[in-house]
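Working through the structure, step by step
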Amino acid sequence: MVRLESVGKRYGGLEVLRGVSLEVPEGGVVCVVGPSGSGKSTLLRCVNRLETIDAGRVWVDGELVGYREHRGRLHHLRPEELCRQRQKVGMVFQRFHLFPHMTALENVVEGPCTVRGVPRAEAVRRGRELLERVGLADRAGHYPAQLSGGQQQRVAIARSLAMSPKVMLFDEPTSALDPELVQEVLGVMRDLAASGMTMIVVTHEMGFAREAGDHLVFVDDGVIVEEGPPREVLAAPRHERTRAFLGQVL
Ligand code: ADP
Ligand code: MG
């Protein structure tokens, strides 16, 4: 469903990703861990083309991201094609970025109505279903300021799901939350993983990685240093850098 092949990304003279290759099969849940500044967010941003890459290739759902191939040559996608492609990828950030002047339900309904042209009644019906799925059926009429951080993040997940993405990217979705609110968000993510969603999750929650992840990737300084089944990597990291990092977060 997602494939990165030798992806390189640089900001000026700073090489942030240096030949990252990764495959996520349909329904796969890959957790990405690593120190601050190692390139984890950049990696996610390359998957939904919030960043253009300097080397390598990215595919989502069988399509080359950002380009089309025609007679053996690559051509940049037009903005509307890019927009269609980007809709395949949902993203949830550390900060929830809800529209503050809209209720939870309006936040969820907005994308399908304005971007996808879904009739409002249908979008509202589906929006209510999604809010129920994230345990917020009774908060549909609340504004973000009236919701806890955990509730806001669950609305943000519902809002992403409303666009029917093929892949969901999570960038440290619980890092900004008070400790007691972390589990309610991880619970929603566990359910989503169990439902067969393809996910790439940057997180420091090793319990989540161990139980919900199929594959764990340790990134340091723009390269994948080590990867494998989460239980194995967490129980017996082979590289010194992985051991040092896990020693700090576990
Ligand atoms: P992580 O998510 O693992 O903390 P990032 O992918 O955010 O790491 O950043 C990797 C490196 O790239 C850091 O050194 C960061 O300062 C740098 N960086 C990220 N975004 C930009 C940008 N837009 N311009 C310049 N440097 C950036
Ligand atoms: Mg980051």
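Residues numbered from 1 in each chain as written. Chains lettered and ligands numbered in written order. Predicted model: local features only at pLDDT ≥ 70, side-chain atom pairs only at ≥ 80, totals over all residues. Heavy atoms only, no water.

1. Considering the layout of surface pockets
Quantified by volume, the largest pocket comes out at close to 590 Å³. Looking at the largest pocket, it is lined by 24 residues, and the ones nearest its centre are Val89, Met91, Arg159, Ser160 and Met163. Among the secondary structure elements, those contributing two or more residues to the lining of the largest pocket are α2 (79-86), β8 (89-92), α3 (104-114) and α5 (149-161). Examining the composition of the lining of the largest pocket, we find that 6 residues originate from one element, α3, more than from any other. Counted by class, the lining of the largest pocket contains 13 nonpolar, 8 polar and 3 charged residues. (1 Å grid on protein atoms, 1.4 Å probe; cavity = no way out; pocket = protein on both sides within 12 Å on 5 of 7 lines; lining within 4 Å. Points joined across faces, edges and corners; volume = space filled by probe spheres on them. Helix = DSSP H or I, 4+ residues; strand = E, 2+ residues; numbered from the N terminus. Nonpolar A, V, L, I, M, F, W, Y, C, P; charged D, E, K, R; others polar.)

2. Looking at the pairing of strand β1 (residues 2-11)
Regular strands show a simple pattern: their side chains alternate between the two faces of the sheet. As paired elements, β1 and strand β2 (residues 14-24) share 8 bridges and run antiparallel to each other. Among the inter-strand pairings, Val2 is bridged to a residue of β2, identified as Val24. The turn joining β1 and β2, which pair antiparallel and follow one another in sequence, is formed by 2 residues; a positive phi near 60° is taken by Gly12. Where β1 meets strand β4 (residues 55-60), 5 bridges bridge the pair, whose relative direction is antiparallel. Paired with Glu5 across the bridge in β4 is Arg57. (Pairing = 2+ DSSP bridges.)

3. A look at empty space enclosed by the protein
Any space left empty among the atoms is revealed by the rolling of a water-sized probe across them. Scanning the entire structure with this criterion turns up 1 cavity of 30 Å³ or more. Its boundaries defined by the atoms lining it, the largest cavity holds a volume of some 50 Å³. Considering the residues around the largest cavity, the lining is formed by Val47, Asn48, Arg49, Val60, Val65, Leu82, Gln85, Arg86 and Val89. When residues in the lining of the largest cavity are grouped by element, the largest group, 3 residues, is from α2. Looking at the lining of the largest cavity residue by residue, the class counts come to 5 nonpolar, 2 polar and 2 charged.

These values are about where atoms sit, not about what they do.
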